[in-house]
Amino acid sequence: MIYSHEVETMCPIAQGVAHGAAPIPEEAKWVKAKEISDISGFTHGIGWCAPQQGTCKLTLNVKEGIIQEALVETIGCSGMTHSAAMASESLPGRTVLEALNTDLVCDAINTAMRELFLQIVYGRSQSAFSEGGLVVGAGLEDLGKGLRSQVGTMYGTLAKGPRYLEMTDGYVTGLALNEDNEIIGYKFVNFGKMMDFIKAGDDANTAFEKAQGQYGRVAHAVKIVDPRKE
C-alpha cells in the first residue's frame, strides 16, 4: 500500500464508529453481506439497448453468490435471441460479480444483469422473505405449461384502428367485432399446447383445432376479421 506524504505525516485517530454492513433480507434471514458468497435470492429485472430497439427480461436464482438458474427473455431485435442463447449458457455457475463483468453480447441483457445485481445486493429480491428461498426451477413457472414467454403484441393506426396480434392466451387468429366495428373478443391458437398435441401424436390439423380458444363475446360478434389481413 502506498500512502501520500500528506497521509504519512498525519497523526492516527481511532475510528470510533464501526457498525459494519447493514442487514438485508435474504430468504427469510437478515444477512450482513460482506462477501459475494453472502448473497442469495431470486429476482427479475429488465434491460434495454442503447438505441432502445429491444429489451430483455432476466430472471436469476442465486444461492450463496452463485447463479444456479437463469431465464433470458428478449423482444424487439432478431439478434437478441442469439445473444440470449449464449447468456443462458454463460450465466449459470458464475458469481453475481462475475456475471456483472461478463460480456453477455447484447446491451439489453448486460443492462438487465446490472439492474438485477443492484436489486439482489440491496436485498430487493422476490424471495427476500421466503424461507429457504425459491427452488431452482422456479423461473420456469413464469412461462406456464407451454413454456412460452408471456408476450403481448398489439398494433394500431389512427386510420384503421387496433389490431390484436398476440396475447398470453396465444396467437390471435380472429378479432370479434360488433355492429359498430368495436372489438368485443378474439379467437386464438395456443402454440405451446399445439406443439404438445403434435408431440403426443396428433396430426398438425387436429392439433391446431384442439389448441384453439376464444375470449370475450365472440358468440355475439357481427363479424370475425383476421387481424393480419383485414
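Residues numbered from 1 in each chain as written. Predicted model: local features only at pLDDT ≥ 70, side-chain atom pairs only at ≥ 80, totals over all residues. Heavy atoms only, no water.

Student: Please set out the pairing of strand β8 (residues 171–177) residue by residue, giving values where relevant.
Tutor: The buried fraction of β8 amounts to five of the seven residues, a majority that puts the element mostly inside the structure. Sheet topology note: the β8/strand β9 (residues 183–189) ladder contains six bridges and is antiparallel. Residue pairing in the sheet places L175 in a bridge with Y186 of β9. Across three bridges, the pairing between β8 and strand β11 (residues 223–225) is antiparallel. Bridge pairing links A176 to I224 in β11. (Buried < 20%, exposed > 50% of the residue type's maximum accessible area, 1.4 Å probe, protein only. Helix = DSSP H or I, 4+ residues; strand = E, 2+ residues; numbered from the N terminus. Pairing = 2+ DSSP bridges.)

Student: How would you explain helix α4 (residues 107–121) if you had to name every residue and give the values?
Tutor: Its 15 residues give α4 an end-to-end C-alpha distance of 21 Å, which sits within 8% of 21 Å, the value for a rise of 1.5 Å per residue. Of all the residues in α4, the buried ones are A108, I109, T111, A112, M113, L116, F117 and I120. Taken together, the buried residues of α4 touch β1 (24–26), β3 (41–48), β4 (55–63), β5 (66–75), α2 (78–90) and α3 (96–100). After α4 finishes, the residue G123 shows a positive phi value of roughly 80°. (Expected span 1.5 Å × (residues − 1). Contact = heavy atoms within 4.5 Å.)

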